[in-house]
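Here are the chains, one letter per residue:
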Amino acid sequence: MNIAITGASGFLGPHLIARLLKDGHSIRTLGRRDTGIAGVRHFAWDATAGEPSPDSLEGVEAVVNLIGEPVAQRWNSEVKRRIRESRGKGTRNLVSGLARLAVKPRVFVGGSAVGFYGDRGDELLTENSSAGQDFLAQVCLEWEEASQGAAKLGMRVVVLRTGIVLGADGGALAQMATPFKAGVGGPVGSGKQWVPWIHVDDWVELVLFALANEPVKGPVNAVASNPVRNADFAHALGSALSRPSLLPVPVFALKLLYGEAANALVSSQRALPTVATRAGFQFRYPEVAGALNQIYKG
């Protein structure tokens, strides 16, 4: 299959590309930065500036849209603008470019996040649950609505509401593990908030599952089947690193570092992968202890 991937230079893109190349797919990337991966053709594209060039999408059979300004940084008005526009406006520009093709791709896998739900405490969240009201929830809502524009072009659209992706070589886990490696790790705040997580290998397999299975469409919670409370996540991480996990991180300290973005770090989403499991997807790493042990102990 000829697959275009946008925003592929981040943490997730290289993992996905490696798996797709292994399976013999033809890959091209669109974005500001080239991954530098051999065998992948790159097309320069500023997502918020306008549509991608026509030749960058010609002949594409599937699209995986991973564009988005990083959320894990201190927010100000300019950062929030980039977070919103890179996802909403960027995706609309992508869909507008797809609309110009004589032959459209068959499937569009769009990005989103469990931040769609906002801070929901102990509530069980499936793909049918409502959107939250905070900044990130509204960003995700706009992002998903932009992706659904591809459905109007006759494409099957899948939107992955991704949780915290666990992998050894980057992403949120690299930042989370730093204090644990120094022996000062522990739960964040009360530790009672739910952490929706997924191993990077399972995330990659879920993308492949979404690309290949015609019945799968609409929102899909890209999270493992067993979310855990933050305190239990901290314990599992400390155990995998053979480090203590007893020192709690006060919320005020996070707010000093991240400002408003700290609210996202302490929010609770008890999200379940209802659509994926009902469609027959099987997680290789359903338990967080097993996932973290594989990452750090092999």
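Figured I'd write up the structure that's included with this text. No experiment lies behind these values; they were computed from the predicted model shown.

1. Thoughts on the overall build of the chain
Per the secondary structure count, the chain includes 11 helices and 13 strands. Over its C-alpha atoms the chain spans a radius of gyration of 19 Å, differing by no more than 12% from the 19 Å that the globule rule assigns to 298 residues. Overall size of the chain, expressed as C-alpha extent along the three principal axes, is 60 × 40 × 35 Å. Split into buried and exposed, the 298 residues of the chain put 50% on the buried side. The contacts of the chain with a sequence gap of at least 6 include a subset with a gap of at least 24, amounting to 77%. Working note: accessible area of the chain is about 13100 Å², and carbon and sulfur atoms make up 53% of it. Within the chain, the 26 negative side-chain charges are centred at a point lying 2 Å from the centre of the 31 positive side-chain charges.

2. A look at the packing of helix H1 (residues 12-22) against helix H6 (residues 200-212)
Between H1 and H6, whose axes approach to 10 Å, the crossing angle comes to 60°. By the angle between their axes, H1 is oblique relative to H6. At the point where H1 passes H6, the crossing takes the right-handed sense. Residue-level inspection shows Leu12, His15, Leu16, Arg19 and Leu20 of H1 in contact with H6, the latter providing Val200, Trp203, Val204, Glu205, Val207, Leu208 and Leu211.

3. Notes on the packing of aromatic side chains
Following the criterion strictly, the structure yields four aromatic pairs and no others. With a centroid separation of 4.9 Å and 85° between ring planes, the pair formed by Phe281 and Phe283 is classed as edge-to-face. Looking at Phe283, the relative accessible area reads 13%, which means it is buried. Lying over the aromatic face of Phe116, Arg161 brings its terminal NZ or CZ to 3.6 Å of the ring centre.

4. A look at the pairing of strand S5 (residues 107-113)
Across the seven residues that make up S5, a large majority, six, are buried. Pairing analysis gives four bridges linking strand S4 (residues 62-65) to S5, with the strands arranged parallel. Bridged to Ala62 within S5 is Val107. This β-α-β element, S4 to helix H3 (residues 77-99) to S5, shows right-handed connectivity.

5. Notes on the nonpolar core
Membership of the largest hydrophobic core comes to 33 residues, with the highest contact counts inside it found for Ile5, Leu16, Leu160, Trp203 and Leu211. Tallying contributions element by element places H6 first for this core, with nine residues. With residues up to four places along the chain from it excluded, the contact list for Leu160 reads Val109, Gly110, Gly111, Ser112, Ala113, Trp203, Leu206, Val207, Val220 and Ala222. Among the nonpolar cores identified, the runner-up in size contains 19 residues, and Ala177, Phe233, Ala240 and Leu241 belong to it.

6. Looking at helix H5 (residues 171-181)
Within the span of H5, buried status applies to Leu173, Ala177 and Phe180. Considered in projection along H5, the buried side chains sweep an arc of 45° and stay on one side of the axis. Of the surrounding elements, those touching the buried residues of H5 are strand S8 (164-166), helix H7 (230-241) and helix H11 (288-297). Positive phi appears at Gly183, one or two residues downstream of H5, with a value of about 85°.

7. Topic: the side chain of Gln193
You can see Gln193 is positioned in the loop between H5 and strand S9 (194-195). A distance of 3.3 Å separates the side chain of Gln193 from the backbone nitrogen of Gly191, its partner in a polar contact. Aside from chain neighbours lying at most four places away, what touches Gln193 is Val188, Val228, Arg229, Asn230, Val266, Ser267 and Ser268.

Cut-offs applied
- Residues numbered from 1 in each chain as written.
- Predicted model: local features only at pLDDT ≥ 70, side-chain atom pairs only at ≥ 80, totals over all residues.
- Heavy atoms only, no water.
- Helix = DSSP H or I, 4+ residues; strand = E, 2+ residues; numbered from the N terminus.
- Rg over C-alpha atoms; globule rule 2.2 N^0.38 Å.
- Buried < 20%, exposed > 50% of the residue type's maximum accessible area, 1.4 Å probe, protein only.
- Contact = heavy atoms within 4.5 Å.
- Areas by Shrake-Rupley, 256 points an atom, 1.4 Å probe, with all protein chains shown as cover.
- Lys, Arg positive; Asp, Glu negative; His and termini not counted.
- Charge placed at Lys NZ, Arg CZ, Asp CG, Glu CD.
- Axes fitted to C-alpha atoms, helices over the stretch in contact; angles between N-to-C directions.
- Parallel < 35°, antiparallel > 145°, perpendicular 65-115°, else oblique.
- Left-handed = near helix turned anticlockwise from the far one by under 90°.
- Phe/Tyr/Trp six-rings, centres within 6.5 Å; stacked < 30°, edge-to-face > 60°.
- Lys NZ or Arg CZ within 6 Å of the ring centre and 35° of its normal.
- Pairing = 2+ DSSP bridges.
- Right-handed = clockwise from strand over helix to strand, strands pointing away.
- Core = buried A, V, L, I, M, F, W, Y, C linked by side-chain atoms within 4.5 Å.
- Arc of directions from axis to C-beta.
- Polar contact = N/O pair within 3.5 Å; in protein donor to acceptor, adjacent residues only side chain to side chain.

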